[in-house]
Amino acid sequence: MAEVLDMIHSNNEISKFSGTNETHIRRATQEDISRIAEILVFAKRMKYRSIFNDDAYSFGELQVLPVAKKYIENGFLNNMFLYDDGIIKGLIRIEKEEIVELYVDHFFQGQGVGSELMEYAKENYSVNFLWTIEKNIDAVRFYKAHGFHLTDTRKYEEGTTEYIVMMRR
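Now for a look at the structure at hand. (Residues numbered from 1 in each chain as written. Predicted model: local features only at pLDDT ≥ 70, side-chain atom pairs only at ≥ 80, totals over all residues. Heavy atoms only, no water.)

**Examining the packing of aromatic side chains**
The geometry of an aromatic ring pair is captured by the separation of the ring centres together with the interplanar angle, meaning the angle of the planes. Put simply, the test is: Side-chain rings of Phe, Tyr and Trp (the six-membered ring for Trp) are treated as a pair once their centres are within 6.5 Å; stacked means planes under 30 degrees apart, edge-to-face means over 60, and tilted covers the remaining angles. Every helix listed is a DSSP run of H or I at least four residues long, and every strand listed is a run of E at least two residues long, numbered separately from the N terminus. Whether a residue is buried, partly exposed or exposed follows from its accessible area with a 1.4 Å probe, protein chains only, as a fraction of its type maximum: under 20%, in between, or over 50%, in that order.
Counted according to the given criterion, the structure contains nine aromatic pairs. Where Tyr 48 meets Phe 52, the ring centres are 6.0 Å apart and the plane angle is 80°; that geometry is what we call edge-to-face. One end of the pair is Tyr 48 and the other is Phe 52, both in helix α2 (residues 33–52) and four residues apart, which spans about a single turn. Here Tyr 48 falls in the buried class, since its relative accessible area comes to 18%. Note on Tyr 120 and Tyr 125: the rings are 6.3 Å apart at their centroids and 55° apart in plane angle, and the pair reads as tilted.

**With respect to the nonpolar core**
Note the threshold: Nonpolar cores are built from buried Ala, Val, Leu, Ile, Met, Phe, Trp, Tyr and Cys residues. Side-chain atoms within 4.5 Å join them into one set. The contact criterion used is simple: two residues touch if any of their non-hydrogen atoms lie within 4.5 Å.
Core analysis: the largest hydrophobic core is formed by 24 residues, its most contacted members being Ile 36, Met 80 and Leu 91. Breaking this core down by element, the ones donating at least two residues are α2, α4 (64–73), β2 (80–84) and β3 (88–95). It is α2 that contributes the most residues to this core, nine residues altogether. Among all residues touching Met 80, those that are not within four sequence positions of it are Arg 26, Arg 27, Ala 28, Ile 36, Tyr 71, Leu 91, Ile 92, Arg 93 and Glu 101.

This is how it looks when you write it as structure tokens:
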């Protein structure tokens, strides 16, 4: 935990995107961890609080520092890409053929950030499936618009009574 705090405090510079490429997508680094955790925590609270109705989790367990620590310790940054146009606005995590996570900061939703991340993943990786919460209608609609379709495969989200559904392309 001390390592995460040191890293957050020592990161006085906003990560810059190399201006040599037209895309705003770049690989995540440890220096990005505070912004990544901030996006994850806020987006999950905004989207999932009304679905799971679990304020103890949303405002107790789901905190920026523990999320940052978890992502560093589990090596999640190795497979994560960021939309960064001077401000990190969204992220996507890819594992083999799966899109594991796609989140856009609430303030930048509807501006093409998620679409650019999704198209980047489709063009550069052999992604062909993902899981999403069945009740997250906005996510289902977004993924359908990007060529994914619902399958009959669904299961409970771990530790909950809500279903996640597999989508394929």
